[in-house]
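# A closer look at the structure
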Amino acid sequence: MTTKTYIGLGSNLGDSRQILSEAIAKLKTLGGVKVSKLYQSPPMGPQDQPNYLNAVAELNTDLMPLDLLDQLQRFEQEAGRVRLRRWGERTLDLDLLIYGDEKIQNERLTVPHIGILERDFVVIPLLDLDADLHINDQPLKNLELIQQPTLTVLADESWA
């Protein structure tokens, strides 16, 4: 059975656009993929780091949630992921945001991803893919944070 999932992508170290394009190519090995626009956003954590490039991919996959998480973490490692500090710079960050309608909470995975509703660099790309998306019965298009986004559009959906 195929499940519609959403994967958040971020990078602010190295050739971020190339790294994100390669990540999308790897996601395509796991199922059908649609991609949001490509955005630039200020860092969420320490401000002494480069801006991020962000996007969201819709992935239709038959992988179970933890198997998908394992694949995402493998892709991060293959991209030379470094995690220097909490909310610090990243070569590649892949977050499993949504897995179908499931609510998952265990030591490895929380879905829907914690903090989605407070992060315009996640909400706006999600809306690119599904303008009527709801999380926990909350319509994303009604969130106040999309009224004054901190994002800049760098490329349309054809970037990857």
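Described in the following lines is the structure provided in the data block. In this numbering scheme, every chain counts its residues from 1 along its sequence in written order. Selection of residues for local features in this predicted model requires a pLDDT of at least 70, selection of side-chain atom pairs for listing and counting requires 80 or more, and totals for whole chains, interfaces and linings are taken over all residues. Hydrogens and waters are ignored; side-chain quantities use all the structure's heavy atoms.

## Some points on the nonpolar core
To keep it simple, the criterion reads: Buried residues of nine kinds, namely Ala, Val, Leu, Ile, Met, Phe, Trp, Tyr and Cys, make up a nonpolar core once their side-chain atoms join them within 4.5 Å. Classification of residues uses two cut-offs on accessible area relative to the type maximum, computed with a 1.4 Å probe and protein chains only: under 20% is buried, over 50% is exposed, and between them is partly exposed. Helix and strand definitions follow DSSP, with helices as H or I runs of at least four residues and strands as E runs of at least two, each counted in order from the N terminus. In what follows, residue pairs with any heavy atoms lying within 4.5 Å of each other are defined as contacts.
I7, L9, L27, L68, L94 and W159 are the most contacted members of the largest nonpolar core, which has 27 residues in total. Those elements that place two or more of their residues in this core are β1 (3-11), α1 (16-27), β4 (52-61), α2 (65-78) and β5 (93-99). Counting residues per element, this core draws most heavily on α1, which supplies five residues. Residues in contact with L68, not counting those within four places in the same chain, are T5, I7, L30, L59, T61, L63, L96 and Y99. L97, I124, L133 and L140 belong to the second-largest nonpolar core, a separate cluster that totals 18 residues.

## Focus on the pattern of salt bridges
The condition that has to hold: One speaks of a salt bridge when a side-chain nitrogen belonging to Lys or Arg is within 4 Å of a carboxyl oxygen belonging to Asp or Glu.
Scanning all chains against the criterion turns up eight salt bridges. Between R108 and D70 there is a salt bridge, and its shortest N-O distance comes to 2.6 Å. Highlighted residues: R108 in the loop between β6 (104-105) and β7 (110-111) and D70 in helix α2, separated in sequence by 38 residues. Across the pair D93 and R90 runs a salt bridge whose closest N-O atoms are separated by 3.1 Å. Each member of the pair, D93 together with R90, is buried.

## Side note on α2
Operational definition: By this rule the span expected of a helix is its residue count minus one, scaled by 1.5 Å. The directions considered for the arc run from the helix axis to the C-beta atoms.
Compared with the 20 Å implied by 1.5 Å per residue over 14 residues, the 20 Å span of α2 between its first and last C-alpha is a close match. Those residues of α2 that sit buried are P65, L68, L69, L72, F75 and E76. All buried residues of α2 lie within an arc of 120° about the axis, which places them on one face of the element. Positive phi shows up at G80, right after α2, with a value of about 75°.

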